[in-house]
Amino acid sequence: SKTRGLNLTEAEKRNFVKSGPIGVPFSQLKQILQYAPADQVKVKQPGIPIKDSATNELYYWVRDAVTVMAGRKIDHLIKIDNEAKYPFFKNVVDAYKRNEQFKFKLVTSPEDAPANTDLSRSRAEQK
């Protein structure tokens, strides 16, 4: 709240602690914290901006998480799907590198075998 000038109230900070995953720009954080944690997951969240180095808010999210969790283990999990373009993935990794966080778990969607290949027919038969 302080480093990004968000002026979160104590109630909003408590709500943030109780929240599940949040993926919004800092400019929308105060708005989403108006919802109860159970309702936050129902709101479409656009994600944390990572378009380029000038708009990579993920750097600040990681930096502040590391600061707040100092001395405690953090499991960083990056989830990416087959629609993700490499430049965006690189910007995510760059945000972690800039924070000297070199360990994270990467979760991807498995890509299926190309259609009409022996492997795709074999998998179809197993289903």
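In this text the structure is predicted, and so the values were computed from the model without any measurement. (Residues numbered from 1 in each chain as written. Predicted model: local features only at pLDDT ≥ 70, side-chain atom pairs only at ≥ 80, totals over all residues. Heavy atoms only, no water.)

Enquirer: An account of the overall build of the protein is requested, with residue identities and associated values reported.
Expert: When helices and strands are counted, the protein shows six helices and two strands. The N-to-C order of helical and strand elements in the protein reads α-α-α-α-β-α-β-α. Taking 127 residues into account, the globule formula puts the C-alpha radius of gyration at 14 Å, and the protein, at 18 Å, lies well above it. Looking at the 127 residues of the protein, the share that counts as buried comes to 26%. Partitioning the contacts of the protein with sequence separation of at least 6, the portion at a separation of at least 24 is 46%. As presented, the protein carries roughly 9500 Å² of accessible surface, and 55% of it is formed by carbon and sulfur atoms. (Helix = DSSP H or I, 4+ residues; strand = E, 2+ residues; numbered from the N terminus. Rg over C-alpha atoms; globule rule 2.2 N^0.38 Å. Buried < 20%, exposed > 50% of the residue type's maximum accessible area, 1.4 Å probe, protein only. Contact = heavy atoms within 4.5 Å. Areas by Shrake-Rupley, 256 points an atom, 1.4 Å probe, with all protein chains shown as cover.)

Enquirer: Help me get a handle on the layout of surface pockets, residues and values and all.
Expert: For the largest pocket, the calculated volume is near 1700 Å³. Phe 16, Ile 22, Ile 48, Trp 61 and Ala 65 are, among the 41 residues lining the largest pocket, the residues nearest its centre. When contributions to the lining of the largest pocket are tallied by element, the ones reaching two or more residues are helix H1 (10–18), helix H2 (26–32), helix H4 (58–68), strand E1 (77–80) and helix H5 (86–98). In terms of residues, the lining of the largest pocket owes the most to one element, H4, which gives eight residues. (1 Å grid on protein atoms, 1.4 Å probe; cavity = no way out; pocket = protein on both sides within 12 Å on 5 of 7 lines; lining within 4 Å. Points joined across faces, edges and corners; volume = space filled by probe spheres on them.)

Enquirer: How would you explain the nonpolar core if you had to name every residue and give the values?
Expert: The biggest cluster of nonpolar side chains holds 17 residues, and the ones touching the most others in it are Ile 22, Leu 29 and Leu 58. For this core, the secondary-structure elements that each account for two or more residues are H2, H4 and H5. With four residues, H4 is the largest single contributor of residues to this core. Beyond its immediate chain neighbours, meaning those up to four positions away, Leu 58 contacts Ile 48, Pro 49, Ile 50, Val 92, Ala 95 and Tyr 96. (Core = buried A, V, L, I, M, F, W, Y, C linked by side-chain atoms within 4.5 Å.)

Enquirer: Any chance you could break down the pairing of E1 for me, citing the residues and the numbers?
Expert: Burial along E1 is one-sided: Ile 78 and Ile 80 are buried, while Leu 77 and Lys 79, pointing the other way, are not. For the crossover from E1 across H5 to strand E2 (residues 105–108), the handedness is right-handed. (Right-handed = clockwise from strand over helix to strand, strands pointing away.)

Enquirer: Which residues make up H5, and what values do they have?
Expert: Taking 1.5 Å of rise per residue, the 13 residues of H5 would be expected to cover 18 Å, and the 18 Å separating its terminal C-alpha atoms lies within 8% of that figure. All of the buried residues in H5 are Asn 91, Val 92, Val 93, Ala 95 and Tyr 96. Looking at the packing, one finds that the buried side of H5 touches H4 and E1. Positive backbone phi, at 55 degrees, marks Glu 100, one or two positions downstream of H5. (Expected span 1.5 Å × (residues − 1).)

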